[in-house]
Amino acid sequence: MSRRSLSLRFPLLLLLLLLPPTPSVLLADPGVPSPVNPCCYYPCQNQGVCVRFGLDHYQCDCTRTGYSGPNCTIPETWTWIRNSLRPSPSFTHFLLTHGYWLWEFVNATFIREILMRLVLTVRSNLIPSPPTYNSAHDYISWESFSNVSYYTRILPSVPKDCPTPMGTKGKKQLPDVQLLTQRLLLRREFIPAPQGTNILFAFFAQHFTHQFFKTSGKMGPGFTKALGHGVDLGHIYGDNLERQYHLRLFKDGKLKYQMAVGQEVFGLLPGLMLFSTIWLREHNRVCDLLKEEHPTWDDEQLFQTTRLILIGETIKIVIEEYVQHLSGYFLQLKFDPELLFRVQFQYRNRISMEFNHLYHWHPLMPNSFQVGSQEYSYEQFLFNTSMLVDYGVEALVDAFSRQRAGRIGGGRNFDYHVLHVAVDVIKESREMRLQPFNEYRKRFGLKPYTSFQELTGEKEMAAELEELYGDIDALEFYPGLLLEKCQPNSIFGESMIEMGAPFSLKGLLGNPICSPEYWKPSTFGGDMGFNLVNTASLKKLVCLNTKTCPYVSFRVPDYPGDDGSVLVRRSTEL
């Protein structure tokens, strides 16, 4: 071969060596295993997005995360400063739940509004808006944004081609769900809620959340029938116009007086029918007040304006009493949409699948139900709507306000009658391939747990989890939330608070009535209607719609504080 021909062939040989192998070469040997999808390792940290290239390469998109580097782990200067100054969630919780007299001073000054604005913005910014993923699309897509039939997703699903069900960690098969729930979630003995939470709170929670947690049985677990995706009171007025028309009286804006409810499952429990009755009465009461103020208004305007007022009343009660109770904070939470008018905020909400799963708080349910001197088993209580007629609203409110609810977190507190709910949630999460619990910890700015014992705070359940899952990084989302050790004097653990609060506050303050365009007296029919929203309370809701005023609270009466004293509670003047 001549030197000239060799010199001509050498660049061609070099080029062939540098070219990537063709698919036929890659598939030639069936004995060679396919490379693992690199995104199965969850390599991108701090909300970086993993994008797969080829078969075994990936790239982390760190845009606007405050981090850089191959895996989004190198903090920018301001990110490093913020992280250095930011207190841990446990330290923040300690500050907010201790020093009562200091917080009494704070609540009486402008500092309260500064802190409340900080709470709202920091929490809400953790929820992506517009939404990012859904059960069909693990990447940004127009469908994820526009199709409100889907629940949205905070994290994409576990890739289908991963070595294990949770990515690369843990066993090849997840533990049997019946075995898991029987050993770690089933109640041995009733564990009361440490905060004195009562079952009136439990029924309020169920009634309130059923307006936006309505998984579609026809479409599947990734879909919702509640297209409003927030506080729209569809559980009172129906989730579509046809149902709404069946419920309306079409006179003076009112609803029909007979028992007709907007949510088809509320006949399940007397506590749900109780709140349906109270809100029905409140709607008709407000209609009378509006008609007196506006005698020229027709039925439609009275109805629509009353609905807006009740939405406002609901949000006020949920933030200032319901969330306040859950938090255990001495900082007095405040419903004031104007706190967000000068910051960037999107007035639209989408309900995520993770929020739906997180909110299954059935350990609140007791072993039986006490009304007066009568004790009711589950068999006697379920579908017993006649109790509302037999006892009346006042007696049931009083009874439910005095009976302790169960602790949610810490494990082993599901009554066996409701254990099937946990089974269904876990099965659904597997079908939807939710990422591991620790990945959600990281997504919400929490440190991942390094062991099961660190998660549970004890050895027995930790050893059982080790046996079932094999690796803390393979623990599933819902079991992690329910088995995490509780915060001191709290109803559940750190993760439930740090993940649940952003969903709740974004959903509440993202409501259209909280926007600058809506939040003004004219939206609610004038000063009278606006005042109804701004002064709403649980006690008013009940006592303005009953002949006598029972004991009504989310906490059992005279619940002692940590120091043995009775917690100071202001009564709401009617």
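Residues numbered from 1 in each chain as written. Predicted model: local features only at pLDDT ≥ 70, side-chain atom pairs only at ≥ 80, totals over all residues. Heavy atoms only, no water.

Novice: Looking at this structure, how should I read the side chain of D299?
Specialist: With respect to the element layout, D299 can be found in helix α13 (residues 299-327). Only 3.0 Å separates the side chain of D299 from the backbone nitrogen of K251, close enough to count as a polar contact. With residues up to four places along the chain from it excluded, the contact list for D299 reads R248, F250, K251, D252, G253 and K254. (Helix = DSSP H or I, 4+ residues; strand = E, 2+ residues; numbered from the N terminus. Polar contact = N/O pair within 3.5 Å; in protein donor to acceptor, adjacent residues only side chain to side chain. Contact = heavy atoms within 4.5 Å.)

Novice: What is the right way to look at the state of the cysteines in this model?
Specialist: Such a bond, covalent and formed between the sulfur atoms of two cysteines, is termed a disulfide. The full count for this structure, using the stated rule, is 5 disulfides. The disulfide partner of C40 is C162, and the S-S distance across this bridge is 1.9 Å. Given an S-S torsion of about -95 degrees, the disulfide between C40 and C162 has left-handed geometry. Here C162 lies in the loop between β6 (152-153) and α8 (177-184) and C40 lies in the loop between α2 (23-26) and β1 (49-53), a separation of 122 residues in the sequence. With relative accessibility at 0%, the residue C40 sits in the buried group. By relative accessible area, C162 is classed as buried at 13%. Paired through a disulfide, C543 and C549 show a sulfur-sulfur distance of 1.9 Å. Its S-S torsion of about 60 degrees marks the bond between C543 and C549 as right-handed, since a negative value means left-handed. Here C549 falls in the partly exposed class, since its relative accessible area comes to 40%. (Disulfide = S-S within 2.5 Å. Buried < 20%, exposed > 50% of the residue type's maximum accessible area, 1.4 Å probe, protein only.)

Novice: Quick question: what am I supposed to make of the pattern of salt bridges here?
Specialist: Two side chains of opposite charge can pair, provided their charged atoms sit close to one another. Summed over all chains, the structure comprises 22 salt bridges. As a salt-bridge pair, D336 and K334 come within 3.9 Å of each other at their nearest N and O atoms. Here D336 falls in the buried class, since its relative accessible area comes to 17%. Residue E439 pairs with K442 through a salt bridge whose shortest N-O separation is 3.0 Å. Pair noted here: E439 and K442 are both in helix α19 (residues 437-443), with a separation of 3 residues, about one helical turn. (Salt bridge = Lys/Arg side-chain N within 4 Å of Asp/Glu carboxyl O.)

Novice: Explain the side chain of R307 to me, please; I cannot follow it from the model alone.
Specialist: By the element assignment, R307 lies in helix α13. D232 provides the closest opposite charge to the buried, unpaired R307, separated from it by 4.8 Å. Only 2.7 Å separates the side chain of R307 from the backbone oxygen of D232, close enough to count as a polar contact. Discounting chain neighbours no more than four positions away, the residues touching R307 are D232, L233, G234, Y237 and Q244. (Lys, Arg positive; Asp, Glu negative; His and termini not counted.)

Novice: Explain the pairing of strand β8 (residues 220-224) here, please?
Specialist: Moving residue by residue along a regular strand, the side chains alternate between the two faces of the sheet. For β8, a buried count of 5 out of 5 residues is recorded, marking the element as mostly surrounded by other parts of the structure. Relative to β8, strand β7 (residues 215-216) runs antiparallel, the two being bridged by 2 bridges. Looking across to β8, one finds that T215 is bridged to T224. Between the antiparallel neighbours β7 and β8 lie 3 residues. (Pairing = 2+ DSSP bridges.)

Novice: Explain the nonpolar core here, please?
Specialist: Nonpolar side chains in soluble globular proteins tend to be buried together. Ranked by internal contacts, the top residues of the largest apolar core, which has 136 residues, are F203, L274, I315, Y322, W361, F400 and L509. Of the residues forming this core, the biggest block, 12 residues, is contributed by α13. For L509, the residues in contact, after removing those within four places along its chain, are L120, I319, F335, P337, L340, F345, Y347 and C514. Listed in part, the 5 residues of the second largest apolar core include C44, C60, Y67 and C72. (Core = buried A, V, L, I, M, F, W, Y, C linked by side-chain atoms within 4.5 Å.)

Novice: Mind showing me how you'd approach the packing of aromatic side chains here?
Specialist: The way to describe two aromatic rings as a pair is by their centre distance and the angle between their planes. The final tally for this structure, using the stated rule, is 38 aromatic pairs. Aromatic pair W361 and F492: ring centres 5.5 Å apart, planes at 55 degrees, arrangement tilted. Taken together, the residues W361 in the loop between α14 (353-358) and β9 (369-371) and F492 in the loop between α22 (477-483) and α23 (494-509) connect sequence positions 131 residues apart. A relative accessible area of 9% places W361 in the buried class. A cation over a ring is seen here: R248 above F303, with NZ or CZ 4.0 Å from the ring centre. (Phe/Tyr/Trp six-rings, centres within 6.5 Å; stacked < 30°, edge-to-face > 60°. Lys NZ or Arg CZ within 6 Å of the ring centre and 35° of its normal.)

Novice: How should I be thinking about unusual backbone geometry in this particular structure?
Specialist: If a residue is not glycine, its phi is most likely negative; likewise, a peptide bond is most likely trans. A cis geometry characterises the amide bond from S129 onward to P130, with omega recorded as 5 degrees. Structurally, the position occupied by P130 is in the loop between α6 (111-124) and β5 (133-134). Backbone geometry at H229 places phi at a positive 55 degrees, although glycine is not the residue there. Tracing the backbone through its elements, the reader meets H229 in the loop between β8 and α10 (234-237). A residue is classified by how much of its surface remains accessible, and H229, at 2% relative accessible area, is buried. In this structure, L233 takes a positive phi of about 60 degrees despite not being glycine.

Novice: Could you clarify how one ought to interpret α13 in this entry?
Specialist: With 29 residues, α13 should cover 42 Å at 1.5 Å per step; its first-to-last C-alpha distance of 40 Å lies within 8% of that length. At V318, α13 shows its largest bend, some 40 degrees. Looking one or two residues past α13, G328 carries a phi angle of roughly 75 degrees, positive in sign. (Expected span 1.5 Å × (residues − 1). Bend = angle between axes of the 7 residues up to and from the residue.)

Novice: Help me out: how do you make sense of the pairing of β1 in this one?
Specialist: Relative to strand β2 (residues 57-61), β1 runs antiparallel, the two sharing 5 bridges. Paired with V51 across the two strands is Q59, which belongs to β2. In textbook terms, the turn of a hairpin is the stretch between consecutive antiparallel strands, and for β1 and β2 this stretch comprises 3 residues, one of which, G54, has a positive phi near 60 degrees.

Novice: Got a minute to help me understand the environment of I278 in this structure?
Specialist: Within the element layout of this structure, I278 appears in helix α12 (residues 270-293). Residues I278 and V393 lie 115 residues apart in sequence; the distance between their C-alpha atoms is 7.9 Å. Setting aside residues up to four positions removed in sequence, I278 forms contacts with V393, V397, L541, V542 and N545.

Novice: Even after reading the chapter, I still don't get the packing of α12 against helix α17 (residues 393-402), so can you show me in this structure?
Specialist: Between two packed helices, what matters for the description is the angle formed by their axes and the separation of those axes. Closest axis-to-axis distance for the α12/α17 pair is 11 Å, and the angle between their directions is 125 degrees. As judged from the angle between their axes, α12 and α17 are oblique. The two elements α12 and α17 meet at a crossing, and its hand is left-handed. On α17, the residues that touch G271, L274, T277, I278 and R281 of α12 are V393, L396, V397 and F400. A breakdown of the residues in the contact of α12 with α17 according to their chemical character gives 6 nonpolar, 2 polar and 1 charged. (Axes fitted to C-alpha atoms, helices over the stretch in contact; angles between N-to-C directions. Parallel < 35°, antiparallel > 145°, perpendicular 65-115°, else oblique. Left-handed = near helix turned anticlockwise from the far one by under 90°. Nonpolar A, V, L, I, M, F, W, Y, C, P; charged D, E, K, R; others polar.)

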